[in-house]
Amino acid sequence: MMTTPGPGASPGPGASPLLTAEGLYVAFPARRRGGAAARPVRAVDGVDLTIGAGEIVALVGESGCGKSTLARALLGLVRPASGRVAFAGRPLVYTPRALKAYRRRVQLVLQDPGGSLNPRHTVYEAVAEGLRIHGCAGDERAAVAGALARAELRPPERFFGRYPYELSGGQRQRVVIAGALVLEPEVIVADEPVASLDASVRGEILALLLRLRAELGLSALVVTHDLGLAWNIADRVAVMYLGRIVECGTAEEVLLSPRHPYTRALLSVLPESPLPPVVLAGEPPDPSRIPPGCRFHARCQVLASGEAERAGVDLRCRSEDPGMVRGPGVACHWA
Amino acid sequence: MSLLEIRDLRVTYGAGAAAVPAVRGVRLSLAPGRALGIAGESGCGKSTLALALLRLLPPSARLSGEILLDGEDVLTMRWGRLRAVRWAGASIVFQGAMHSLNAVRTAGDQIAEPIELHHGATPGAARKRAGELLAQVGLPAGRAASYPHELSGGQRQRVMIAMALACSPRLIVADEPTTALDVMIQAQILRLIGGLVAEQDIGLLMISHDLSVLADVCDRLAVMYAGRVVEEGPARAVYSAALHPYGQALSAAFPRIGDPASRGAPRGLPGDPPDPSALPDGCTFHPRCAVALEGCARDEPELTGDGAHRAACVRVGPSAEGSP
Amino acid sequence: MTAARGYLRYTAGKLGGAAVSLLAVLVTSFFLFRIIPGDPVKALTHGTPTTAGQLASLRRQFGLDEPLWRQFTEYCAKALTGDLGISYQFRAPVGELIAEKAPATLLLTGVAVLVYSAVGLWLGARSAWRHGGLGDRINTGVALTLWSVPSFWLGLLLIITFSVGVGPVPGLFPTGGMESGDATGTGLGYAIDVAHHMVLPVLTLVAVGYAQTLLVMRSSLLDEMGGDYLTTARAKGLRDAVVRRRHAVPNALLPTVTMIFINLGHVAAGSILVETVFSWPGVGGLFYQALSVPDLPLVQGLFMVFAGAMILMNLLADLVYPLLDPRVRR
Amino acid sequence: ADGGDGDAKVLTIAVSQSVDSLSPFLAQRLVSTTVHRLAYEYLTNYDARDGHTIPGLATGWKSSASKLTWTYAIRKNSHWSDGRRTTAHDAAWTFNKMMSDEKAATANGSFTANFRKVTAPDSGTLVIELKKPQATMTALDVPIVPKHIWEKVGDFSVFNNDQRYPIVGNGPFIITDFKVDRYLRLKANRDFWRGAPKFDELLLKFYKDGDAAVAALRKGEVSFVQGLVPAQAAALKKTAHIKVNDAPGRRFLALAVNPGARAKDGRTFGTGHKALLDPAVRKALFHAVDRETIVKTLLQDHAVEGEGYIPPRYRAYFWKPGPEQRRAYNPRKAATLLDRAGYRKNSDGRRVGKDGKPLTFRLLCHATDPADTKIGKYLYDAWREFGIETRMECRDNVSDPWLKGHYDLAFDGWSVNPDPDFVLAIHTCAALPATPRDTGSTDNFICDRKFDELYARQIAEYDPVKRAEVVKRMQSRLYDLGYMNILAYPNAVEAYRTDHIGSITTMPEAAGNLWGQDGYWSWWSAEPAAGHGGPGGSDGSDGSATEVVVGIGAVVAVVAVAGLLIALRRRVTADDRE
Amino acid sequence: MSGSPARARRLEAAARLWRAYRAHRAGLFGLGVLVLIAAAALAAPLLVEGDVRKVTGTPGGPLEPPSARFPLGTDQFGRPLLGLLLWGARISLTVGLLAAALSVAIGAAVGIVAGHYGGWFATLLMRITDWFLVMPTLVLAIVLATVMSRDVWTVIVAIGVTSWPTTARLVRAQTIAVESRPYIERAKALGGGHRHIMGRHVLPNVLPLVLAQTTLGISAAILTEATLAFLGLGDPMVISWGGMLQEAREAGAVSSGHWWYLAPPGLAIALVALAFTLCGRAIEKVLDPRLGVGR
Ligand SMILES: Nc1ncnc2c1ncn2[C@@H]1O[C@H](COP(=O)(O)OP(=O)(O)OP(=O)(O)O)[C@@H](O)[C@H]1O
Ligand SMILES: Nc1ncnc2c1ncn2[C@@H]1O[C@H](COP(=O)(O)OP(=O)(O)OP(=O)(O)O)[C@@H](O)[C@H]1O
Ligand SMILES: [Mg+2]
Ligand SMILES: [Mg+2]
């Protein structure tokens, strides 16, 4: 018998927005001093994204498209060049004090559970770290035990004194999640939370996220490159390409009837896919040289096969930026 | 005759109390022109098996059993013969191409090296052949002058593949060739490997933890758990109708988009992977098995089943219907 | 092409950095030695009959009667044109004094650094490749022991044993100096004479110094030994020795080469002790003499040379590094 | 190992000090002035036997009745090495240069400070007119240089006389080659007016390390070594073919007391301890010091117990205190003196000063001088037992605290010239600095009217015997003041190879030293031992050593090659194991 | 686990470290030597009769060779060399420990701050570090020892102030490495400020390195102290091994063949330096942050 997750009670679209990114741009200064192409890296290049209360949003896209940068911007770990992040309707203020308060309510879970635990801290210290930083009053032990139990590390006391290397990958990720839960946040931003885990363990962690949402009403942004995972847990899916969201909608809409050629290509190369595989040529493009027009046009199979020409949009594809996606929708001239 | 025949291979790292039995009695065979997939979660001994094929394990590993490559036992070969077999008889595409390529030598250099060694080619000729090989894996020959760090992950993996093809081996072992690569590049590499195997009548042993990928590329699949093969059979059959509870759990862990059963319901395997230095008695899977029987904690089952599709589970007996 | 351009730019950057360091040294060396208490004029004339007029005259000659900022600007202006001033006690241009002494130091320590680098690299590579073995343990043990020995002490012992002669051991080597002095001949005879004088000092420096190269080489090769690319190389059917020579050592060489360059940078200054013990006519002894006055132009000049050598060698290391490691190339 | 010209007789001397300059106008170090003694003739010289003035370049001299004009007769048989004759014009030019160009006065300017005018009416006569009478006119230790060469020199402050060899001179030796800190070569001046030296060549080899020099002496690489320490001397005494010359030196070693540093304008400065101004304290301190121990134990008898100011070597001026004047070792007396003066012991056994604080004296020492540190340790112990704490302050360069008067006690020492004027002058009030910010030529700020009166008398006294009388009275006064306490006269400890040097003249002839004499007697007079060609020439040990080295090198090379071959072979087989 | 789990685990971790350390035979040897020498140094006043520092009224004659009465012979004043060696151990060890501690403290502080903050401040700090790095240590130490008064503190300061840059660079590199770990990002996301990151995450992670550096630094400092003393830059009133060597040389021990005057202090320096080096290397291996051991 397989583990079955809790009820998939999804608030769905229409839930009140909790965490939003509005017209967010993040650029990194060109890393190589005096490099020939000393252009800034536009890692996030205009993103509008809303996470509703109690909603799970999946952000998918290929490597280097800016997913993690967006996640970090949402936590205020990098400052956007323009645009803003708003939480519960109020824009984020970048003073140390305000950020600290903000980070009590929004938590981050990272990809590599091994790396996100200090090897010199015990499980107890790792989980209590947040409490200590925020100087939370109350029974620390009880809080830590509660968080661990909620992350399904039972009995919690057995794990207190362990060091990360004594835990399996799945257990480490649970500790990280417990460390986030102990502050009772409203939103969890999870950056590839299961990418480094074995397939068999992965399902368990995802099920935990779903259960927490059901029990605590947590919202979550799950960053992933795995479309199957999005199908597994997300209410809504946003597809990101080269710093921008190119398609957004409910999981069913995006994954079952994709409209953007990029989403289609992504889906088509999955081993089980019914679609004829479309292997995009070339490497993912460079965020320091975003092509003019539609940013996807150089690799677009629709444009390459002449279909766009038949639809009469090929010129626009090459010259006109289809703009940002606000809310559900797709940024494509052809779709 | 099969190209590769592994008989009762056992590999143990270290000795005494800290001994890690990484591979415990594996039997597999592979015919030329065919592809065999090996799946299993991290630490189950897949890489150990791959390295054992060419006796590349560190000195702390002790091996027993037989590995017949074209009828010749690799484990009892003299070093001189072994060196000749390496790469010319069987080559390996390793897991992480970044670390498997020498960072301070050009790609072309590294491809040409085994050609010079095994075919006695002149440097010029080897260089030329390296260019051809790069073209074969879809890279411009000019990339031969690049250093690994100047190549992207996908390109590096292609260089590894070109290198593996350099001496026209009979067998290629691909150890997780696409892990850490993007979906799109993963698809490119898999197509490339599939094509090469089909064209050149090479035997392929492909290792991955991604069952769905293996099912796509391979003819047959073996599922490993804690150093043993627990299920073996035609690729499609193992993926879609596994016999062993572990095989089933593994295949269920890969959601099928559009399948309502997996929507909002991620599935995994409760419990933790086994500690290879302290394996449980009996069937090593029983602590995590949802359908374990009493006897499972005692006896370790052998692979059984009809000729083509076999599993090591008491529930898979002569009466294969008793599957959970 | 772009790689070449990148390397040029990289070089320019490093050159700029070195120039800045050199300027910093230039400025600080001026002030550093002004804090040494003691008036060079008084120190130089202390103990000899001197009239007040003579003192004033000396002060004028040395430019010490000018305000500090004037002295500083003058010093900077001169130093930038390569003029390091005139030594107070030797009354000769500092540049000439150093140029006269530097070859001896360069010869001695340069040879020593080259020898011990080669020995260290070779032994280090062997040691790492068979790490844990008896050879490795003996190798590192001996190296560490010699490393812990004070060089001046070793030099003294070598002099007692091989110059003065102990018991049956005859005094084979000269006790000090660079040449016999009575053999003014040039050519081969002179070279052999100098080589003869160099044996013990070089031996001292090598014995004390090779351990560092050995250890760095050993540990960086050990770091590389787990490298997957070595498994690839072995899988290709390469001989063990070839794997080491062609794959492991080039990768492990990087940190060691940096260190060798830094040691070369120390060449100028690092020989003070051995020069003292072996009466080697190099710059080390000169510095010591200059400091006790303080003979400001000479001290500053030597300091500049010492630091300049370090800066130069760091620069060279920086420039060589990308040639060895393509990853650093831009 | 022989030099290029076959059997030239070479005398090799180990020296430790670096030559500061070869220009007589700049050189101040002993090694340099010694070389100049050898290369240039001075107006006068000192007799090797007892140090009385004898003719040098001047064959005779006389002073005018006014005591202000001195006339020297210049010898006719002295020639520059380029063939020209040395004349009074050379001497006049040399002095005039020093008087007119301050850069040329760097080294010896003090000699000409009191000159009014120097002229050479003819080539054989030199006339010097003085501003004030000066008794040292027969002790003008100034090298006379050839005018025709030196005229061409532009800037004397940077001319080191090391451009073209051989350097034109008229002394017993001619400088032929010089490499800083390596060697300095002189060849015998065959035409030297007093007669040619017996050795063909004199080679100064530089050994920064005394042990290296001694080892070189043992091996015959050098013929002469000076500045030996007791252990070296003891060891060398037992060595065949080596003679150790342990002779009374020119130096005294003293403990100077800060008498309260002051300037001529009357202002005082420095931080000298007040208690030391009390004569009783000074007296007590030195009653507590056992000079015999210092000489016997610490200096291991390579010194003579110190008494008067001028070392016994200069018999004419030597003075020692009478029994009742003498501050002999007597701890009990010292204690009584202090008790009576009011410096009593407190409960810790420390003597307490007038300000209520325990007495602690700073003792300034030269960090590089082993004698200072040795004796310092002894004084620390001796005075500690006696209730007085000493804090050693050892520095590389003591001139700064010294000149600023930041010390209580300090090690002091001077090399005394045959003419004692200079070492006496440094204790006169006239030598004090003009203001606290200036530097005077004073040694340790002593300023005593009575001493000054005596000084004025001796400088104007041209009669040697009478002058010596005054000098002795000055020493007595200095002794009574207690600000300069002579602890010992260290010996000059030297050694030479008797198989290289057959005979050599010491100065004074009976029990004198060889290195740093007041003349050039030692090297001029040294005779090669029979059969000696050069260092290492006679015993050939050097040659055989070279052969041994070559042999060893060959063996090492063979072994290395063999080892390499074996290693390579082993590598081939080891490979197959991997 | 009840009570104070963290403390219990710490103890256990220490015990594990000790077990790991014990596996290094060379490290054990070094430790043994150090314990012996430290004990001897501490007990010097008890072991050595009388005041060896006194140069008069000494028990032996000058430069006696080793005998039953004076196992290591006597020095130029007739003081027993064994006693001097024991007294010298105190200074050599003290100077070594304090100078290394000073140097590593400066280096660690500069390294952590520069590694953590980055920006122009770090650039400035590293420029200063570079300046010290290109200065030949010995030369700078000689200058300092010349400038300041001659006592033990001068030597300590001179060594400490000149030898820190290597540590600073290492610590900075390690800090940067640690700062790039995901758990730092996590700590920031939890709301941790600079103090928290540096104190709770960076410092514990660089401590092993710092410890190893200190141990290795001690041996370097002892050698430097000996060198300075040998060059005559030490405090002549203090008995130290380097000072003994200098006295031996000044006394002409080399050329007069008094090897027993020269050999023991040099051997002692080498032994202690070797012992600290061996300990340091063992500690380095046991605590190697790269291996993730010593958690
Ligand atoms: N600190 C930085 N400085 C400069 N460039 C950066 C920085 N961080 C990220 N980038 C660049 O920004 C782009 C987006 O990076 P990001 O990590 O957000 O991608 P991602 O979608 O998370 O990729 P992955 O799936 O590989 O994690 C990349 O090209 C990356 O190289
Ligand atoms: N050199 C070694 N010494 C001791 N144990 C080892 C060594 N190499 C591997 N192991 C252990 O052997 C077991 C099998 O390792 P192996 O690398 O074969 O697993 P894998 O299936 O390839 O895992 P992954 O999917 O993570 O690559 C693991 O438990 C591992 O810890
Ligand atoms: Mg990412
Ligand atoms: Mg693996």
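Definitions and cut-offs
Once a new chain begins, its residue numbering starts again from 1 and follows that chain's sequence as written. Throughout, the order in which chains and ligands are written sets their labels, letters from A for the former and numbers from 1 for the latter. Local features in a predicted model are, by the rule used here, given only for residues with pLDDT of at least 70; side-chain atom pairs are given and counted only at 80 or more, and totals for whole chains, interfaces and linings are based on all residues. For the side-chain quantities, the full set of heavy atoms in the structure was used; hydrogens and water were omitted. Every helix listed is a DSSP run of H or I at least four residues long, and every strand listed is a run of E at least two residues long, numbered separately from the N terminus. Each residue's exposure class comes from its accessible area (1.4 Å probe, protein chains only) as a fraction of the maximum for that residue type: buried when under 20%, exposed when over 50%, partly exposed otherwise. Between two residues, a contact is recorded if the distance between any of their heavy atoms is within 4.5 Å. Throughout, the Shrake-Rupley method with a 1.4 Å probe supplies accessible areas, and for residues the shown protein chains are the sole cover considered. Charge counting follows a simple rule: Lys and Arg are positive, Asp and Glu are negative, and His as well as the terminal groups are ignored. Each charge is placed at NZ for Lys, CZ for Arg, CG for Asp and CD for Glu. Here the globule rule is a power law, 2.2 Å times the number of residues to the power 0.38, and the radius of gyration is based on C-alpha atoms. A pair of strands is labelled paired if DSSP reports no fewer than 2 bridges between them. Axes, fitted as lines to C-alpha atoms, cover a helix only where it is in contact. Angles between the N-to-C directions of the axes lie from 0 to 180 degrees. Only a single heavy atom is needed: when it lies within 4 Å of a molecule or strand, its residue is near that molecule or strand. Two N or O atoms form a polar contact when they lie within 3.5 Å of each other; inside protein one atom must be a possible hydrogen donor and the other a possible acceptor, and for residues adjacent in sequence the pair counts only when both atoms belong to side chains. Each residue gets one label: Ala, Val, Leu, Ile, Met, Phe, Trp, Tyr, Cys and Pro are nonpolar, Asp, Glu, Lys and Arg are charged, and the others, such as Gly, are polar. UniProt positions are given in the numbering used here, feature names are shortened, and annotations may be inferred rather than shown by experiment. Salt bridge, as used here: a side-chain nitrogen of Lys or Arg that lies within 4 Å of a carboxyl oxygen of Asp or Glu. Ring geometry is summarised as follows: Phe, Tyr and Trp rings, the Trp one being its six-membered ring, pair when their centres sit within 6.5 Å, and such pairs are stacked at plane angles under 30 degrees, edge-to-face over 60 and tilted between the two. Here pLDDT means the predictor's own confidence in every residue, given as a number from 0 to 100. Put simply, buried area is the surface a 1.4 Å probe can reach on two separate parts but cannot reach once they are joined, added for both. Only a pair of cysteine sulfur atoms within 2.5 Å qualifies as a disulfide here. Nonpolar core, defined: a set of buried Ala, Val, Leu, Ile, Met, Phe, Trp, Tyr and Cys residues in which side-chain atoms within 4.5 Å join the residues together. Here the expected span of a helix is defined as 1.5 Å times the quantity of residues minus one.

> Any chance you could break down the overall build of chain E for me, citing the residues and the numbers?
Each helix and strand in chain E was counted, giving 12 helices and 0 strands. N-terminal to C-terminal, the α/β element order of chain E is α-α-α-α-α-α-α-α-α-α-α-α. Taken along the three principal axes of its C-alpha coordinates, chain E extends 75 × 45 × 25 Å. Classification of the 295 residues of chain E by burial places 59% in the buried group. Within chain E, residue pairs in contact and separated by at least 24 positions form 70% of the contacts whose partners lie at least 6 positions apart. By element, 67% of the accessible surface of chain E is carried by carbon and sulfur atoms, the whole surface being about 11,400 Å². Of the charged side chains in chain E, 26 are positive and 15 negative, and the gap between their average positions amounts to 14 Å.

> How would you summarise the overall build of chain A if you had to cite specific residues and measurements?
The number of helices and strands found in chain A is 13 helices and 11 strands. Taken against the 2.2 N^0.38 rule, which gives 20 Å for 335 residues, the C-alpha radius of gyration of chain A at 21 Å falls within 12% of a compact globule. Once the C-alpha set of chain A is aligned to its principal axes, its extents read approximately 65 × 50 × 40 Å. Taking all 335 residues of chain A together, 58% fall into the buried category. Look at the contacts in chain A between residues 6 or more apart in sequence, and 68% of them connect residues 24 or more apart. Carbon and sulfur atoms make up 52% of the accessible area of chain A, which amounts to about 12,700 Å² in all.

> Explain the sheet that holds strand 5 (residues 72–73) of chain B to me, using residue names and the numbers behind them.
Residues and elements named next belong to chain B. Strand order in this open sheet of 4 strands is 2-1-4-5, and the pairing throughout is antiparallel. Two strands lie at the open edges of the sheet, namely strand 2 (20–30) and strand 5, each paired on one side alone. Along the sheet, helix 1 (residues 46–53) makes contact with strand 1 (4–13), strand 2 and strand 4 (61–69), crossing strand 1 at roughly 115°.

> Give a detailed account of the site of ligand 1, specifying residues and quantitative values.
All names here are of chain A. What surrounds ligand 1 is a group of 13 residues, the closest being Ser-63, Gly-64, Lys-67, Ser-68 and Thr-69. Within the contact set of ligand 1, an oxygen atom lies 3.3 Å away from a backbone nitrogen or oxygen of Cys-65. Taking Thr-69, its side chain carries an N or O atom lying 2.4 Å from an oxygen atom of ligand 1. Within the complex, the protein chains bury 69% of what would otherwise be the 630 Å² of accessible surface of ligand 1. If you list the elements that add at least two residues to the shell around ligand 1, you get strand 2 (41–52) and helix 1 (67–74). With 3 residues, the single largest contributor to the shell around ligand 1 is helix 1. Across the shell around ligand 1, the residue classes tally to 5 nonpolar, 5 polar and 3 charged.

> Outline the site of ligand 2, listing residues and values.
All names here are of chain B. Among the 14 residues in the neighbourhood of ligand 2, the closest are listed as Ser-42, Gly-43, Lys-46, Ser-47 and Thr-48. Gly-45 is positioned such that a nitrogen or oxygen atom in its backbone is 3.1 Å from an oxygen atom of ligand 2. One of the side-chain N or O atoms of Glu-176 is found 3.2 Å from an oxygen atom in ligand 2. At the level of elements, strand 2 and helix 1 are the ones that each hand at least two residues to the shell around ligand 2. Ranked by residues supplied to the shell around ligand 2, first place goes to helix 1 with 3 residues.

> Any chance you could break down the UniProt feature "transmembrane region" (unreviewed entry) in chain E for me, citing the residues and the numbers?
Residues and elements named next belong to chain E. With numbering aligned to this structure, UniProt lists the feature "transmembrane region" (unreviewed entry) at residues 26–48, 91–116, 128–147, 153–171, 206–231 and 259–280. Helix makes up 91% of residues 26–48 and strand makes up 0%, while its end C-alpha atoms are separated by 30 Å. Segment residues 91–116 splits into 100% helix and 0% strand. End C-alpha atoms: 37 Å apart.

> Can you lay out the UniProt feature "domain: ABC transmembrane type-1" (unreviewed entry) in chain E for me, pointing to particular residues and giving the numbers?
The positions that UniProt labels "domain: ABC transmembrane type-1" (unreviewed entry) are, in the present scheme, residues 89–280 of chain E. Between the C-alpha atoms that bound residues 89–280 of chain E the distance is 19 Å, and the span itself is 83% helix and 0% strand.

> How would you summarise the pattern of salt bridges if you had to cite specific residues and measurements?
When the charged atoms of two side chains lie near each other, side chains of opposite charge can form a pair. Per the counting criterion, the structure on display carries 71 salt bridges over all chains. The closest approach of N and O atoms between Glu66(B) and Arg7(B), which form a salt bridge, is 3.6 Å. One end of the pair, Glu66(B), is in strand 4; the other, Arg7(B), is in strand 1, with 59 residues separating them in the sequence. Its relative accessible area of 33% is what places Arg7(B) among the partly exposed residues. Notably, a salt bridge pairs Asp408(D) with Arg362(D), separated by 3.0 Å at the nearest N-O pair. Here Asp408(D), found in the loop between helix 11 (399–404) and strand 17 (409–415), pairs with Arg362(D), found in strand 15 (residues 360–366); they are 46 residues apart in sequence, far enough to count as distant. Judged on exposure class, the residue Asp408(D) and its partner Arg362(D) are both buried. A cluster of three or more residues bridged by salt bridges with shared partners is formed by Arg105(B), Asp109(B), Glu113(B), Arg127(B), Lys236(C) and Arg246(C).

> Please set out the packing of aromatic side chains residue by residue, giving values where relevant.
Within the structure shown, the criterion is met by 42 aromatic pairs over all chains. With a centroid separation of 4.9 Å and an interplanar angle of 40°, the aromatic rings of Phe31(C) and Phe72(C) are classed as tilted. Linking Phe31(C) in helix 1 (residues 2–34) with Phe72(C) in helix 4 (residues 68–80), this pair joins segments that are 41 residues apart in sequence. Owing to a relative accessible area of 37%, Phe31(C) belongs among the partly exposed residues under this scheme. For Phe72(C), a relative accessible area of 19% gives the class buried. Relative to Phe156(D), the ring of Trp93(D) lies with its centre 6.3 Å away and its plane at 45°, an arrangement referred to as tilted. One end of the pair, Trp93(D), is in helix 2 (residues 88–100); the other, Phe156(D), is in the loop between helix 4 (147–150) and strand 8 (173–179), with 63 residues separating them in the sequence. Taken individually, Trp93(D) and Phe156(D) each receive the classification buried, so the pair is uniform in this respect.

> Explain the confidence of the model for chain E residue by residue, including any values.
Across chain E, the average pLDDT comes to 85, with 95% of residues at or above 70. When the criterion is pLDDT under 50, residues 291–295 of chain E qualifies, and its contacts beyond four places in sequence or with other chains add up to 14 contacts.

> Before we move on, can you summarise the interface of chain C and chain E with the specific residues and values?
Interface size is commonly expressed as the accessible surface area that is lost when the partners come together. At the interface, 41 residues of chain C touch 36 residues of chain E. In total, chain C and chain E occlude about 3,300 Å² of area from one another, counting both sides; carbon and sulfur atoms represent 78% of this. Run the count over chain C and chain E and you get 0 salt bridges. The set of elements that each furnish at least two residues to the side of chain C that touches chain E consists of helix 1, helix 6 (134–148), helix 7 (151–165), helix 8 (188–225), helix 10 (240–270), helix 11 (272–277), helix 12 (283–291) and helix 13 (296–324) of chain C. Per element, the largest residue contribution to the side of chain C that touches chain E is 8 residues, and it comes from helix 1 of chain C. Classifying every residue of the side of chain C that touches chain E gives 30 nonpolar, 8 polar and 3 charged.

> Explain the state of the cysteines to me, using residue names and the numbers behind them.
Inspection of every chain in the model, using the stated rule, returns 2 disulfides over all chains. Each disulfide pairs two cysteine sulfurs, and for Cys365(D) the partner residue is Cys394(D), the sulfurs being separated by 2.0 Å. Measuring the twist about the S-S bond at about 110°, one finds the Cys365(D)-Cys394(D) disulfide to be right-handed. Taken together, the residues Cys365(D) in strand 15 and Cys394(D) in strand 16 (residues 389–395) connect sequence positions 29 residues apart. For Cys394(D), a relative accessible area of 2% corresponds to the buried category. Between the sulfur of Cys429(D) and that of Cys447(D) lies a disulfide, 1.9 Å long from S to S. Residues Cys429(D) and Cys447(D) are joined by a disulfide whose S-S torsion is about 100°; by sign, that bridge is right-handed. Of this pair, Cys429(D) sits in the loop between helix 12 (421–425) and helix 13 (449–460) while Cys447(D) sits in the loop between helix 12 and helix 13, and the two are 18 residues apart along the sequence. Cys294(A) carries a free sulfur, and the closest cysteine sulfur to it, the one in Cys317(A), is 5.9 Å from it. The class of Cys294(A) is buried, set by a relative accessible area of 8%.

> For the confidence of the model for chain A, give the residues involved together with the corresponding values.
Overall, the prediction assigns chain A a mean pLDDT of 85, with 92% of residues at 70 or greater. A low-confidence stretch, residues 1–13 of chain A (pLDDT under 50), is modelled with 29 contacts involving residues beyond four sequence positions or located in other chains.

> Can you lay out the nonpolar core for me, pointing to particular residues and giving the numbers?
One broad rule of soluble globular proteins: the nonpolar side chains tend to lie buried together. Of all hydrophobic cores here, the largest spans 161 residues; its most connected members are Phe33(C), Phe287(C), Ile142(E) and Trp241(E). With 17 residues, helix 12 (residues 259–287) of chain E is the largest single contributor of residues to this core. Apart from residues lying up to four places away in sequence, Trp241(E) is in contact with Ile37(E), Leu85(E), Gly88(E), Ala89(E), Ser92(E), Pro265(E), Ala268(E), Ile269(E) and Val272(E).

> How would you summarise helix 2 of chain D if you had to cite specific residues and measurements?
Residue pairs three or four apart in sequence face the same way in an α-helix, which turns once every 3.6 residues. Residues and elements named next belong to chain D. With 13 residues, helix 2 should reach 18 Å at 1.5 Å per residue; the first-to-last C-alpha distance of 18 Å fits that figure. Restricting attention to buried positions, one finds in helix 2 the residues Ala-88, Asp-90, Ala-91, Ala-92, Trp-93, Thr-94, Phe-95, Lys-97 and Met-98. Turning to helix 2, the residues buried within the fold contact strand 5 (69–74), helix 3 (109–112), strand 6 (115–122), strand 7 (125–130) and helix 4.

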